[in-house]
Amino acid sequence: MIRDITLGQYYPAKSVIHRLDPRVKLVTTMIFIVSLFVAKGIMGYLVATLFLGAVIRMSKVPFGYMTKGLRAIVMLLMITVIFNLFLIDGDFVLWRFGFLRITDKGLKTAVFMAVRLIYLILGSSVMTLTTTPNDLTDGLEKLLGPLKRLHVPVHEIAMMMSIALRFIPILLEETDKIMKAQIARGADFETGNLIQKAKAMVPLLVPLFISAFRRANDLAMAMEARCYHGGNGRTKMKPLHYQRRDRAAYAVVWGYFVLMIAVKWSTSYYAVMWL
Amino acid sequence: MSIKVKNVNYTYAEGTAYEIHALKDINLEIPDGQFIGLIGHTGSGKSTLVQHLNGLVKATSGRIYFNERDIYGENFSMKELRSKVGLVFQYPEHQLFEVDVLSDVCFGPRNLGCSQAEAEKKAREALHMVGLGAEYEKRSPFELSGGQKRRVAIAGVLAMEPQVLILDEPTAGLDPKGRDEILDQIESLQKERGITVVLVSHSMEDVARYVDRIIVMDHGEVRFDGTPKEVFRHYKELEKMGLAAPQMTYLMQGLREKGADVDADATTIEEAADAVEHWLKSK
Ligand SMILES: Nc1ncnc2c1ncn2[C@@H]1O[C@H](COP(=O)(O)OP(=O)(O)OP(=O)(O)O)[C@@H](O)[C@H]1O
Ligand SMILES: [Mg+2]
């Protein structure tokens, strides 16, 4: 049940995408997200779909596994779609029922918004599923490295992020365990009205918080015991170096981005925005 | 109150890269009033198996019958099952949440629909059974020692008055004295109330002294199932699984190898002493 949340979970497989330098994947994800907002018209989304599809294919992560992350945003997705669908004014009214109506523009925006959100999640899932949290934070640290000159605590931020990512599955497991233990004592997390349900969460949340604090404490102690003292003078066992495949990937990604912008310009230039 | 487990398989994270076949074709019958030890090394599937017995985990395939009724059947009430089969989790002290000990122990009976007064009565009895007196009732569970927390958590399940009590490593991380106390209390409880007890452990020594029957698990399968004496005869195989037979088994086997005609089935120190004495007299 609760384990369905895949964001921040690594899926081991042997693929080109897995082997890429984490910096490449971070930059790619960022470019992909920006490109989604640049995208215009059906052509733009088609290019984005092809790109995302190809990457997912290459990553060798089962598609079903990847879409699990979407379940977490189903509610958000529905609300977005419903608001866009009914509240946006357009030229043609496609459907009307009482005060509810759907216009062509509303439908178009709703569909594109939904696609955009889904791609956003899928895109970031590809990154987190194919990169171990450690690699991810290493990459982030290196990418943000120049900010150190501005006294931004880059290493500490990266460390915090890696710990947070690492703890997601642990806390989920813990939640699962405590939930089971309380169910064994007759607790009921499913039935009842909202207030009863909220009350039923107390036996789950209290032990969960306590265990989170305990773990945080233990971790801090373990880190100190190994003389961790922040990023100053710290070297890496496996420093990141770009390989040929990483440069190739950069070329592909920037090519994709240029294509997206070209599509956007051409569509607005020729005004073939029939959608 | 028999529990029957028929061809149960369980796979964690089915269909992903993390798939683990944790239980493989398990068949068991747990009759009334038995004291059973469930033994296996780390990761052999003990916890997974016991979570099936009160319906917390649903078998990937196979059936479980409680009093001849299929627990996965349509009209079966899981809530009722859980009130009859009490499960104390591994490290149960992590599930405490109430402001004081008494209210925490009351949580179970209250969920079963007892009135506050009734729940408190049961909670007091349960606390007494685990050896915690009235002076603990109003203390916060979080300021107790590890062993005391463990007792509170066990009392939390006892207060539901289950007919089958399953304890998942109730003595893990306790000192020898605390361990013996808890196990002794469980034993006397089992005798007094005539309930069925399943004790999960990876220490043969602990279990040998108390149980009528031992079930040995290895890599998700049941390897041996019988009285302690029967099971300990396979001490060589047990060793290969990373388990050890009680020390007395080794002593007796050693004596036999040296030509002494002692009863090699002795598992506790007392039995071993008797066996040696018997042998010496008969010489
Ligand atoms: N929540 C879970 N998700 C995925 N795999 C799990 C989960 N819980 C247990 N497993 C796996 O299932 C197998 C059996 O685990 P189980 O907890 O039943 O073992 P155990 O015999 O209780 O071990 P221990 O003595 O350490 O408590 C192990 O290989 C374990 O890694
Ligand atoms: Mg276990």
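The rules we used
- Residues numbered from 1 in each chain as written.
- Chains lettered and ligands numbered in written order.
- Predicted model: local features only at pLDDT ≥ 70, side-chain atom pairs only at ≥ 80, totals over all residues.
- Heavy atoms only, no water.
- Helix = DSSP H or I, 4+ residues; strand = E, 2+ residues; numbered from the N terminus.
- Rg over C-alpha atoms; globule rule 2.2 N^0.38 Å.
- Buried < 20%, exposed > 50% of the residue type's maximum accessible area, 1.4 Å probe, protein only.
- Contact = heavy atoms within 4.5 Å.
- Areas by Shrake-Rupley, 256 points an atom, 1.4 Å probe, with all protein chains shown as cover.
- Lys, Arg positive; Asp, Glu negative; His and termini not counted.
- Charge placed at Lys NZ, Arg CZ, Asp CG, Glu CD.
- Near = heavy atom within 4 Å.
- Pairing = 2+ DSSP bridges.
- Axes fitted to C-alpha atoms, helices over the stretch in contact; angles between N-to-C directions.
- Donors = N, O, S within 2.8 Å, 3.2 Å for Na, K, Ca; no water.
- Expected span 1.5 Å × (residues − 1).
- Arc of directions from axis to C-beta.
- Domains from an automatic or database assignment.
- Buried area = accessible area lost by both parts, 1.4 Å probe.
- Salt bridge = Lys/Arg side-chain N within 4 Å of Asp/Glu carboxyl O.
- Polar contact = N/O pair within 3.5 Å; in protein donor to acceptor, adjacent residues only side chain to side chain.
- 1 Å grid on protein atoms, 1.4 Å probe; cavity = no way out; pocket = protein on both sides within 12 Å on 5 of 7 lines; lining within 4 Å.
- Points joined across faces, edges and corners; volume = space filled by probe spheres on them.
- Nonpolar A, V, L, I, M, F, W, Y, C, P; charged D, E, K, R; others polar.

Trainee: Break down the overall build of chain B for me, citing the residues and quoting the values.
Mentor: Check the secondary structure of chain B and you find 11 helices and 10 strands. Taking 283 residues into account, the globule formula puts the C-alpha radius of gyration at 19 Å, and chain B, at 20 Å, falls close to it. Projected onto the principal axes, the alpha-carbon positions of chain B cover approximately 65 × 50 × 35 Å. Relative to its full complement of 283 residues, chain B shows a buried share of 53%. In chain B, the share of contacts with a sequence separation of at least 24, taken over all contacts with a separation of at least 6, comes to 62%. Of the roughly 12,800 Å² of accessible surface on chain B, 48% is carried by carbon and sulfur atoms. The centroid of the 34 positive side-chain charges in chain B is displaced by 1 Å from the centroid of its 45 negative side-chain charges.

Trainee: Account for the site of ligand 1, naming residues and giving values.
Mentor: As a matter of local geometry, ligand 1 sits amid 15 residues, with Gly43(B), Lys46(B), Ser47(B), Thr48(B) and Gln90(B) nearest to it. Surrounding ligand 1 is a set of residues that belongs to chains A and B. Its free accessible area being 630 Å², ligand 1 has 72% of it covered by the protein chains. Secondary structure elements with two or more residues in the shell around ligand 1: strand 2 (20-30) and helix 1 (46-53) of chain B.

Trainee: Tell me about the sheet that holds strand 2 of chain B, and please be specific about residues and values.
Mentor: Residue and element names in this part refer to chain B. Read from one edge to the other, the open sheet built from four strands follows the order 2-1-4-5, with strand pairing classed as antiparallel. Two strands lie at the open edges of the sheet, namely strand 2 and strand 5 (69-70), each paired on one side alone. Where strand 1 (residues 3-12) meets strand 4 (residues 61-66), five bridges bridge the pair, whose relative direction is antiparallel. Across the sheet, the residue bridging to Ile3 is Phe66, located in strand 4. Running at roughly 55° to strand 2, helix 1 makes contact with strand 1, strand 2 and strand 4 of the sheet.

Trainee: Quick one: what's the story with the coordination of the magnesium ion (ligand 2), residue by residue and with numbers?
Mentor: Only Ser47(B) (OG) and Gln90(B) (OE1) from the protein reach the magnesium ion (ligand 2) as donors, at distances of 1.8 to 2.5 Å. Residue Ser47(B) is found in helix 1, and its partner Gln90(B) is found in the loop between strand 6 (85-88) and helix 3 (101-111); the two are separated by 43 residues along the sequence.

Trainee: If you had to explain helix 3 (residues 41-59) of chain A to someone new, which residues and values would you point to?
Mentor: Residue and element names in this part refer to chain A. In this model, helix 3 (19 residues) spans 28 Å end to end at C-alpha, consistent with the 27 Å of a helix rising 1.5 Å per residue. All of the buried residues along helix 3 are Gly41, Gly44, Tyr45, Val47, Ala48, Phe51, Leu52, Val55, Ile56 and Ser59. Here the buried residues of helix 3 occupy an arc of 160° about the axis, which is enough to place them on one side. Summarising the geometry of helix 3, the exposed residues directed more than 90 degrees from the buried face are Leu50 and Arg57. Count one or two residues on from helix 3 and you reach Lys60, which has phi positive near 65°.

Trainee: Residues and numbers for the domain arrangement of chain A, please.
Mentor: We note that the domain assignment places domain 1 (1-131 + 242-275) and domain 2 (154-237) within chain A. Taking only C-alpha atoms into account, the centre of domain 1 of chain A sits 31 Å from that of domain 2 of chain A.

Trainee: Summarise the interface of chain A and chain B; cite the residues concerned and give the values.
Mentor: Across the contact, 22 residues belong to chain A and 23 residues belong to chain B. Each partner contributes to the roughly 2,000 Å² buried at the junction of chain A and chain B, and carbon and sulfur atoms together form 63% of this total. Along the contact surface separating chain A from chain B lie one salt bridge. Asp104(B) is paired through a salt bridge with Arg185(A); the nearest N and O atoms lie 3.0 Å apart. Across the contact surface, chain A and chain B share four residue pairs in polar contact (both at pLDDT 80 or more). Only helix 4 (63-71), helix 8 (154-184) and helix 10 (202-225) of chain A provide two or more residues apiece to the side of chain A that touches chain B.

Trainee: Account for empty space enclosed by the protein, naming residues and giving values.
Mentor: Residues and elements named next belong to chain B. Counted by the stated rule, this structure contains three cavities of 30 Å³ or more. Roughly 90 Å³ of internal volume is contained in the largest cavity. Taken together, Met129, Val130, Arg151, Ile154, Leu158, Leu165, Leu167, Ile182, Gln185, Ile186 and Leu189 form the lining of the largest cavity. Elements with a contribution of two residues or more to the lining of the largest cavity: helix 5 (146-158), strand 7 (164-168) and helix 6 (176-193). Element by element, the count of residues in the lining of the largest cavity is highest for helix 6, at four residues. Class assignment for the residues of the lining of the largest cavity results in nine nonpolar, one polar and one charged.

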